[in-house]
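Structural features, examined
So you can see what is in the structure, the chains are spelled out below.
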Amino acid sequence: MGIHILGTGAVGCHIAATLKANRNKVTLLLRSQDHLKDFKTRNNSITYRCQGKTDIVSGFGASITTDTSDKSPINSLIVATKTHHTLKALEPMASRLSPKSNILLMQNGMGVAEELMKSLWPNTTPPNIFVGVNRHAVERIAPYDVHQHSGYNDPDALRIGRFPTNAQAQSEVPEFLQKIIEIPRLQAAVLPWEEIRVKIYKKLFVNSCINGVASVLMTKNIGVIKDGNPGGIAMMRAICEEGYEVFKDEMPGETVESLMEMVLRTNQEAGENISSTLQDIRAKRQTEVDYLNGYIYRIGQEKGINVKSNQAIVNLIHAREVLY
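Residues numbered from 1 in each chain as written. Predicted model: local features only at pLDDT ≥ 70, side-chain atom pairs only at ≥ 80, totals over all residues. Heavy atoms only, no water.

What follows covers the sheet that holds strand β7 (residues 102-105). The strand order across the open sheet formed by eight strands is β5-β2-β1-β6-β7-β8-β11-β12, and the pairing between neighbours is mixed. Strands with a single pairing partner mark the edges of an open sheet, and in this sheet they are β5 (61-64) and β12 (188-190). For this sheet, the mean inter-axis angle between neighbouring strands, taken without regard to orientation, is 25°. Relative to strand β6 (residues 76-79), strand β1 (residues 2-6) is paired through three bridges, and the arrangement is parallel. Counterpart to Leu6 in the pairing with β6 is Val79. Contacts between helix α2 (residues 33-41) and the sheet are confined to β2 (25-30) and β5, with β5 contributing the most and set at about 160° to the helix. Along the sheet, helix α6 (residues 193-217) contacts β8 (128-134) and β11 (158-162); its crossing angle with β8, the most-contacted strand, is approximately 45°. (Pairing = 2+ DSSP bridges. Helix = DSSP H or I, 4+ residues; strand = E, 2+ residues; numbered from the N terminus. Axes fitted to C-alpha atoms, helices over the stretch in contact; angles between N-to-C directions. Contact = heavy atoms within 4.5 Å.)

Shown next as structure tokens:
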């Protein structure tokens, strides 16, 4: 069984290297012919760094997303592109996906599954869509070169659920997800959607707080709380309080305090990581802020809730993007 991976940033390379190191057939779907040539000059390999050890994982297949001559079906697809690039990247390959195909979205933020359903399969049966909640902290050092800071020993590091669609849900876990679950380092499990949805909201809070504030401060995650940083912690609390007011009905049993405790714990555990948002800013790329703080802001506006702190993060990060 072959697994295709779309997106070769930190998360895409991490899961690709891990799957390949465990003897799975993995094909990377690259953006252009230039990217394909670059990957070939690296001997079709990914450098994976973790706990002071460096592994060169090779033997990947590779093709480009815009190759319209390739009509071969894609049965198992892991999507690790940035949220705002997903639709455009997936559109040329939509014809290679069938209702029997399985897609796993491994991204920050919320709203991508709905966007794909609306744009690619509005009147037809879509593939089976799964959403992953990923707590592996991975930094992209260079193209096809990543450093994992945490998550490998976190028993809750990767949780996966089937996104609800109009299609009849399959009861069995697809083979490619079984492959992921069988790898101890990935710490993965499949859960019912009701449980996954709560975890997605929690991950949204973590990313909106840490990524947002760390990116404004231009610091590693730990900088937000270093020496009890009062301004950084206060800003995260404001983001958290607003988010709780927006989504509290979808998060039974949670409080602002329980969510802040989760954010601060994650900030400490992944302190040496540079958030994906800040990695994008440093590389002068568009960020995912519209699917993080921007998502809280949009839903808050719809519900008539004051979300000025999340709006401020969105404005500040977009203002920085304009300066590239």
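Take Arg96: it is sitting in the loop between α3 (86-90) and β7. At 2.7 Å, the side chain of Arg96 forms a polar contact with the backbone oxygen of Ser72. (Polar contact = N/O pair within 3.5 Å; in protein donor to acceptor, adjacent residues only side chain to side chain.)

On inspection of all chains with the given rule, the structure shows 15 salt bridges. Asp70 is the salt-bridge partner of Arg96, the closest N and O atoms lying 3.3 Å from each other. With Arg96 in the loop between α3 and β7 and Asp70 in the loop between β5 and β6, the pair connects residues that are 26 residues apart, well separated along the chain. Overall, the relative accessible area of 7% leaves Arg96 in the buried class. (Salt bridge = Lys/Arg side-chain N within 4 Å of Asp/Glu carboxyl O. Buried < 20%, exposed > 50% of the residue type's maximum accessible area, 1.4 Å probe, protein only.)

Leu77, Leu90, Leu105 and Phe247 are the most contacted members of the largest nonpolar core, which has 61 residues in total. Tallying contributions element by element places α6 first for this core, with eleven residues. If we skip the residues at most four places from it in the chain, Phe247 touches Tyr201, Leu204, Phe205, Tyr295, Ile296 and Ile299. Within the second largest apolar cluster, 35 residues are counted, among which are Ile5, Val26, Ile46 and Leu177. (Core = buried A, V, L, I, M, F, W, Y, C linked by side-chain atoms within 4.5 Å.)

This paragraph deals with the packing of aromatic side chains. Applying the stated criterion across every chain, the model contains five aromatic pairs. Ring centres 6.1 Å apart and planes at 10° place the aromatic pair Phe247 and Tyr295 in the stacked group. Here the residue Phe247 occupies a position in helix α7 (residues 230-247), and Tyr295 occupies one in helix α10 (residues 293-303), the gap between them amounting to 48 residues. The exposure class of Phe247 is buried, given its relative accessible area of 2%. Three or more aromatic residues link up through ring pairs in this structure, and these residues are Phe39, Phe60 and Tyr144. (Phe/Tyr/Trp six-rings, centres within 6.5 Å; stacked < 30°, edge-to-face > 60°.)

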